[in-house]
Amino acid sequence: ITKKERPSVIWLHHQECTGCTESLLRSEHPTLDKLILDIISLDYHETVFAAAGHQAEAARKAAMAKNKGKYLLVVEGAIPMKDGGIYCKIGGQTSFELTKECAADAAAVVAIGSCASWGGMPSTPPNPTGSTGVAEALGRKDIVTIPGCPPNPYNFLATVVHFLTFGKLPALDDKGRPTFAYGRLIHDNCERRAHFDAGRFALEFGDPGHKKGYCLYKLGCKGPETYANCPSILFNDVGTGSWPVGTGHPCIGCTEKHIGFEKPIHALA
Ligand code: SF4
Ligand code: SF4
Ligand code: F3S
């Protein structure tokens, strides 16, 4: 891909904490600067944009018009649907209106993070703003989801690179998740699995079993029902990073709807 051919990416933020972008900022292969200067043309992104206000909105509209049918739309954050969607507005438009407008002529739509995938944290009961994910808000079944809170940046980058290389999206499961990343249970690749099989469990944070690295199932670990590649790909950098269970915290199932935010660990006792 030459610089001239860098594909346009429009990135929207809605109800979110920007943790997905923060996670991507820490990627190493490629780094974000290489990604946005050499591989893609990031034409709209509220966190890393130099422009603001009308100038930023004009850049988005210009990029969409120039790359009609060819740009990639990435959505970070949930979309509030209650009361006409008034609980999140950008440039005078509701999140729903803006997403609908940008998705209409996109080559593909990627929902990054659990918020954009199905509502995530903002949709936690009682969900006062009627938050939901991109696919449900738009009523579309062809949205790619990269859930996680935050998601692993390499799962997002690999999806984008696959799209740029082959001109099509990778294989997806019935929740829109790329199967290369979400095809196996955390529990199947966990370094504590031998302890689970042998019946050795940590019973309290800081107890002797916890200090010895025993299985965290009895502390609420959701690894046996959570599909993601966290134990094999790790966070912060491949090979040198870590992941929740690796640091001694149970998996909360952040990549799974109806696990991570509806059955929080503190509610287990
Ligand atoms: Fe933040 Fe998690 Fe939502 Fe990403 S998915 S924006 S990290 S709350
Ligand atoms: Fe399974 Fe969690 Fe125990 Fe790992 S810590 S073996 S994922 S239950
Ligand atoms: Fe989320 Fe569990 Fe991975 S909490 S980051 S799916 S280990």
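Sequence order sets the numbering: in each chain, residues are counted from 1 along the sequence as written. A letter from A marks each chain and a number from 1 marks each ligand, given out in the order of writing. Per-residue local features of the predicted model are confined to residues with pLDDT of at least 70, and side-chain atom pairs are confined, for both listing and counting, to 80 or more; whole-chain, interface and lining totals are unaffected and use all residues.

- The name that an unreviewed UniProt entry assigns to the chain is hydrogenase (acceptor), with the source organism given as Magnetospirillum moscoviense.
- What the UniProt record of the chain gives under Catalytic activity (unreviewed entry) is the line "H2 + A = AH2".
- UniProt positions are given in the numbering used here, feature names are shortened, and annotations may be inferred rather than shown by experiment. According to the UniProt record, the Sequence similarities (unreviewed entry) comment for the chain is "Belongs to the [NiFe]/[NiFeSe] hydrogenase small subunit family."

## Examining the site of ligand 1
Move 1: Around ligand 1 sit 13 residues, and of these Glu16, Gly19, Gly113, Cys115 and Cys149 come closest.
Move 2: Going along the chain from the N terminus, every DSSP run of H or I of four or more residues is numbered as a helix, and every run of E of two or more is numbered as a strand. Of all the secondary structure elements, the ones that give two or more residues to the shell around ligand 1 are helix H1 (19-25) and helix H5 (113-118).
Move 3: It is H5 that provides the largest number of residues to the shell around ligand 1, a total of 3 residues.
Move 4: Side-chain classes follow a simple rule in which Ala, Val, Leu, Ile, Met, Phe, Trp, Tyr, Cys and Pro form the nonpolar group, Asp, Glu, Lys and Arg form the charged group, and the remainder, Gly included, forms the polar group. Residues of the shell around ligand 1, tallied by class, amount to 6 nonpolar, 5 polar and 2 charged. Any residue whose backbone-placed C-beta atom lies within 6 Å of a molecule or strand is treated as near that molecule or strand.

## Details of the UniProt feature "domain: NADH:ubiquinone oxidoreductase-like 20kDa subunit" (unreviewed entry) in the chain
Move 1: UniProt records the feature "domain: NADH:ubiquinone oxidoreductase-like 20kDa subunit" (unreviewed entry) at residues 17-162, using the numbering of this structure.
Move 2: Its end C-alpha atoms 27 Å apart, residues 17-162 is made of 41% helix and 18% strand.

## Here we look at helix H4 (residues 95-104)
Move 1: Where H4 is concerned, the buried positions are Ser95, Phe96, Leu98, Thr99 and Cys102. Down the axis of H4, the sector holding all buried residues measures 165°, keeping them to one side. Exposure classification rests on a simple neighbour count of other C-beta atoms within 10 Å of a residue's own: a residue reaching 20 or more is buried, one at 12 or fewer is exposed, and one in between is partly exposed. C-beta atoms are placed from the backbone. Throughout, the arc means that of the directions going from the helix axis to the C-beta atoms.

## Looking at the pairing of strand S3 (residues 72-76)
Move 1: For S3, a buried count of 5 out of 5 residues is recorded, marking the element as mostly surrounded by other parts of the structure.
Move 2: Burial along S3 is two-sided: Leu72, Val74 and Glu76 facing one way and Leu73 and Val75 facing the other are all buried.
Move 3: Note that S3 and strand S7 (residues 108-112) share 5 bridges and pair parallel. The residue bridging Leu72 from the neighbouring strand is Ala108, located in S7. Any two strands are treated as partners once DSSP identifies two or more bridges connecting them.

## Thoughts on the domain arrangement of the chain
Move 1: For the chain, the domain assignment lists domain 1 (3-181) and domain 2 (184-267).
Move 2: These domain boundaries are the output of an automatic or database domain assignment. The distance between the C-alpha centroids of domain 1 and domain 2 comes to 28 Å.
Move 3: What counts as a contact is two residues whose backbone-derived C-beta atoms lie within 7 Å of each other. At the interface, 15 residues of domain 1 touch 14 residues of domain 2.
Move 4: In terms of residue class, the side of domain 1 that touches domain 2 is made up of 7 nonpolar, 6 polar and 2 charged.

## Overview of helix H7 (residues 153-166)
Three or four residues apart is the spacing at which side chains of an α-helix point the same way, because the helix has 3.6 residues per turn.
Move 1: Multiplying 1.5 Å by the residue count of a helix minus one yields the expected span of that helix. In a regular helix each residue adds 1.5 Å, so 14 residues correspond to 20 Å; H7 covers 20 Å between its end C-alpha atoms and thus fits that length.
Move 2: When H7 is considered as a whole, its buried residues turn out to be Pro153, Tyr154, Asn155, Phe156, Thr159 and Val160.
Move 3: Buried positions along H7 lie against H1, S3, S7, strand S9 (144-146), helix H8 (179-182) and helix H12 (230-233).
Move 4: Trailing H7 by a residue or two, Gly167 shows a phi angle of about 75°, which is positive.

## Let's talk about the environment of Ile259
Move 1: Relative to the assigned elements, Ile259 resides in the segment after H12.
Move 2: C-alpha separation for the pair Ile259 and Lys222, spaced 37 residues apart in sequence, amounts to 7.9 Å.
Move 3: In this structure, Ile259 is in contact with Lys222, Glu225, Thr226 and Gly253, ignoring residues within four places of it in sequence.

## Comments concerning the site of ligand 3
Move 1: Neighbouring ligand 3 are 13 residues; Ala228, Cys230, Pro244, Cys251 and Cys254 lie closest to it.
Move 2: A class-by-class count of the residues in the shell around ligand 3 yields 9 nonpolar, 4 polar and no charged.

## A word on the sheet that holds S3
Move 1: Strand order in the open sheet formed by 5 strands is S2-S1-S3-S7-S9, with parallel pairing between adjacent strands. Of all the strands in the sheet, the pair left with one neighbour each is strand S2 (41-45) and S9. In this sheet, neighbouring strand axes are inclined to one another by 20° on average, regardless of whether the strands run parallel or antiparallel.
Move 2: Pairing between strand S1 (residues 8-13) and S2: 4 bridges, direction parallel. Its bridge partner lying in S2, Ile10 is registered against Tyr44.
Move 3: Where helices are involved, their axes are fitted lines through C-alpha atoms of the stretch in contact, as for all axes, and angles between N-to-C directions lie from 0 to 180°. Of the strands in this sheet, S3, S7 and S9 are in contact with H7, which crosses S9 at around 150°.

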